[in-house]
Amino acid sequence: IFRVLKMILPQDAMVFASESGVTAAHVLSQTTPSPLLLAKILFEKTTLFFADRNERGYGDRVLWGQKNIVALLQQELMLSRSVALGVIQKYCAGAMSTPLKRRLEAMLMQELGLLARHITPMLRKMHTKLLYVYQLYDIPYLVSPSFKNKIDQPVTLVPVDADAIGQSLGFQVTYLSGVPRTSVFGALAQILEWHQAPFDDKISHIAKRRVRWLTPT
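Residues numbered from 1 in each chain as written. Predicted model: local features only at pLDDT ≥ 70, side-chain atom pairs only at ≥ 80, totals over all residues. Heavy atoms only, no water.

K.L.:
Please explain the overall build of the chain as it appears in this structure.
P.N.:
In terms of helices and strands, the chain carries 9 helices and 5 strands. Reading the chain from its N terminus to its C terminus gives the helix and strand order α-α-β-β-β-α-α-α-β-α-β-α-α-α. Across the 217 residues that make up the chain, the buried fraction comes to 38%. Restricting the contact set of the chain to residue pairs at least 6 apart, pairs at least 24 apart contribute 61%. About 13400 Å² of surface is accessible on the chain, with carbon and sulfur atoms providing 55% of the total. (Helix = DSSP H or I, 4+ residues; strand = E, 2+ residues; numbered from the N terminus. Buried < 20%, exposed > 50% of the residue type's maximum accessible area, 1.4 Å probe, protein only. Contact = heavy atoms within 4.5 Å. Areas by Shrake-Rupley, 256 points an atom, 1.4 Å probe, with all protein chains shown as cover.)

K.L.:
Explanation requested: the side chain of Glu111 in the structure shown.
P.N.:
Residue placement: Glu111 occurs in helix H5 (residues 98–125). The buried charged residue Glu111 lacks any salt bridge, with Arg117 as its nearest oppositely charged partner at 8.4 Å. Side-chain polar atoms of Glu111 contact the side chain of Asn68, separated by 3.4 Å. (Lys, Arg positive; Asp, Glu negative; His and termini not counted. Salt bridge = Lys/Arg side-chain N within 4 Å of Asp/Glu carboxyl O. Polar contact = N/O pair within 3.5 Å; in protein donor to acceptor, adjacent residues only side chain to side chain.)

K.L.:
Which parts of the structure should I look at to understand a nonpolar patch on the surface?
P.N.:
Side chains of Val4, Met7, Ile8 and Leu9 sit close together on the surface and give an oily, nonpolar patch of about 440 Å² of accessible area. Relative to the helices and strands, Ile8 is located in helix H1 (residues 2–8). (Patch = residues over 30% accessible without salt bridge, like charges linked within 9 Å, V, L, I, M, F, W, Y side chains within 5 Å.)

K.L.:
Would you mind going over helix H3 (residues 66–77) with me for this structure?
P.N.:
An α-helix turns once every 3.6 residues. As a result, residues three or four positions apart point the same way. Here H3 spans 16 Å end to end across 12 residues, near enough to the 16 Å set by a 1.5 Å rise per residue. Among all positions in H3, only Gln66, Asn68, Ile69, Val70, Leu72 and Leu73 are buried. Following H3 by one or two positions, Met78 has its phi on the positive side, about 55°. (Expected span 1.5 Å × (residues − 1).)

K.L.:
Would you explain the environment of Ile151 in this entry?
P.N.:
Mapped onto the elements, Ile151 comes out in the loop between helix H6 (145–150) and strand S5 (156–159). What makes Ile151 buried here is its relative accessible area of 4%. A C-alpha to C-alpha distance of 7.4 Å links Ile151 and Ile119, two positions 32 residues apart in sequence. Residue contacts for Ile151: discarding those within four places in its chain leaves Ala116, Thr120, Leu123, Leu131 and Leu157.

K.L.:
Quick question: what am I supposed to make of the layout of surface pockets here?
P.N.:
Where empty space is left in the structure can be found by rolling a water-sized probe over the atoms. Of the volumes computed, that of the largest pocket is approximately 290 Å³. The wall of the largest pocket is formed by 13 residues, among which Gln135, Pro159, Val160, Asp161 and Thr182 lie closest to the centre. Among the elements that line the lining of the largest pocket, the one with the most residues is strand S4 (residues 130–135), at 3 residues. When its residues are assigned to classes, the lining of the largest pocket shows 8 nonpolar, 2 polar and 3 charged. (1 Å grid on protein atoms, 1.4 Å probe; cavity = no way out; pocket = protein on both sides within 12 Å on 5 of 7 lines; lining within 4 Å. Points joined across faces, edges and corners; volume = space filled by probe spheres on them. Nonpolar A, V, L, I, M, F, W, Y, C, P; charged D, E, K, R; others polar.)

Honestly, that's just the spatial picture; any functional story needs more than this.
Structure representation (structure tokens):
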């Protein structure tokens, strides 16, 4: 992949390249001493990443995302796709009555249980009880006691919030008008990863290794 990138992009324009989910998990690991699992919620899938102070990487992919909730609302309430998306937006904006919220929760919990069943084994594998939820597409009740109870082990659910992460790492996040807040953390994580990368140490290590190879024995 990186060979292709080098062919496409001017090398003098490339400053830093990384996998976004792994980078996000690594940056989050700088805010806590505990190992963590990151669930990155997209429209068609959820990707899982793990990190602690010493290691980070890709965990798994689940073919479950906002589209599952949209399809459920379409089927159960006989809604069009656009109206189903509107219902999700109204819930997330707090513009929904309490009775309708309760009815929505009753419908969604079984569907959310499917995601919980995929997340539980990864939490056990990573020996962690800390789950960060990074929603690029809104899912009602995803960070809630009801969803937490669907996960078959003790867990702490933490929504990924750029403001809180920036504050814990000594940064203040300022939003430009019109910029979706869901996209800010991804960019912030890339900047922080680049900022923290010990480039001088890596370059020195590579240079010293090359010198050893060239030194006659």
